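Commentary on secondary and tertiary structure
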There are 2 protein chains.
Amino acid sequence: MDRPAFLLSSLGVQVANEFTERLRPLGLEPIEFALLAHLESAEGSSQQTLAEALGVHRNAMVGLVDELETRGLVQRHPHPDDRRAKALHLTERARELVERGYRAADEHDADLLSTVEESERPQLISLLRRVAEDRGVSPRGHPCLTQHPGPVKRSTTDRADEDSR
Amino acid sequence: MDRPAFLLSSLGVQVANEFTERLRPLGLEPIEFALLAHLESAEGSSQQTLAEALGVHRNAMVGLVDELETRGLVQRHPHPDDRRAKALHLTERARELVERGYRAADEHDADLLSTVEESERPQLISLLRRVAEDRGVSPRGHPCLTQHPGPVKRSTTDRADEDSR
DNA sequence: TATTGTTATACTCTATAACTATA
DNA sequence: TATAGTTATAGAGTATAACAATA
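Below is a summary of the structure that appears in this document.

Cut-offs applied
Residues numbered from 1 in each chain as written. Chains lettered and ligands numbered in written order. Predicted model: local features only at pLDDT ≥ 70, side-chain atom pairs only at ≥ 80, totals over all residues. Heavy atoms only, no water. Contact = heavy atoms within 4.5 Å. Buried area = accessible area lost by both parts, 1.4 Å probe. Salt bridge = Lys/Arg side-chain N within 4 Å of Asp/Glu carboxyl O. Polar contact = N/O pair within 3.5 Å; in protein donor to acceptor, adjacent residues only side chain to side chain. Least-squares fit on C-alpha atoms with pLDDT ≥ 70 in both.

1. Considering the interface of chain B and chain A
- If you look at the interface, chain B gives 65 residues, while chain A gives 65 residues.
- Buried surface at the junction of chain B and chain A, summed over both partners, amounts to about 6,300 Å²; 58% is from carbon and sulfur atoms.
- Contact with chain A buries surface across chain B, with Arg-3, Leu-11 and Arg-135 of chain B losing the most and accounting together for 11% of the total.
- Linking chain B to chain A there are twelve salt bridges.
- In this structure, the salt-bridge partner of Arg-135 of chain A is Glu-18 of chain B, at a minimum N-O distance of 2.8 Å.
- Scanning the region where chain B abuts chain A turns up 21 residue pairs in polar contact (both at pLDDT 80 or more).

Listed below in structure tokens is the structure:
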């Protein structure tokens, strides 16, 4: 099966699964790593803001933060500008985990490229980036694995014009 | 984010979602198309055999076949060699759908490659195939979208060596 | 009146076990 | 005793709606 679409999607799922496995020893799910990593460069964000950045619903963010707070990785502080909101902060332990997560990602990348000639790597990356940009790939996370596919616009009137059945 | 792993996984999920959308007008889910397409080249297979080929559990296969049978796309005949088994057969309508599905896949592939120079396409495909082969990507379907991730080997003793919490 | 965080509920999916009829 | 297909049930995950506090 040399179809580009087939290759890309099965390879993509495989790679996402591999990353999940590399994160497992750190005790992090991909969405949790994404949350912590994003928070690291936006310390003090509100849950709402973070939720939008990660593409999860604010209701789901509650449970996510609950879990990470229980594990001592994030803290909810009062938000300086808005008394309704919580300002999220990373703990020292979380910062270490994020660093280890990035290192895992580096190792993963190196492993992925190991079969590709050094000289071909820039081209592969540039081709992938070009295709991804062309399709407007959102720089979010791994919707597949993080199980936050977003509202699947399949409202009432859908399935209307299907021709089987 | 130019990490190969990140590019590959987000692009893969995107591409898989696009294919799902292209299949929608045919009234087929990816797993259903996979089932019909596979059956086309293995007419008369038992549910068990097909289930293994597609990477779904035999229990799940029942509902899948039920649905397709209701829609008049597959038929359960008595299996010539084994009275316990059902021999699955495609209807004429299903054959047309499979052809349209393949055509949708062709269009999708063409669209994917439209931003890539004609001269670069063979190399892109060969690179992807090389990486995929190196990782032992199973030639199955789109586990992500078909929602059949298989048993997630996360047995009792798992999560033992996690270091957070 | 709108927004932030929260909780509760309903819904969808899937994994498991158990049953039957055959082998 | 094992296997093919089936069914039922429980569990996980997610989406939706509704609420209190604040803007």
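Following the structure, the description resumes.
2. Quick notes on the relation of the copies chain B and chain A
- Each copy of the sequence occupies a distinct position, and chain B is placed on chain A by a rotation of 180 degrees and an axial shift of 0.0 Å, giving an RMSD of 0.0 Å. Taken together, these values place the two copies in the relation of a two-fold axis. For chain B, the smallest separation between a C-alpha atom and the rotation axis is recorded for Gly-12 of chain B, amounting to 2.0 Å.
- The share of interface residues of chain B whose copies in chain A are also at the interface is 100%, consistent with both copies meeting through the same surface.

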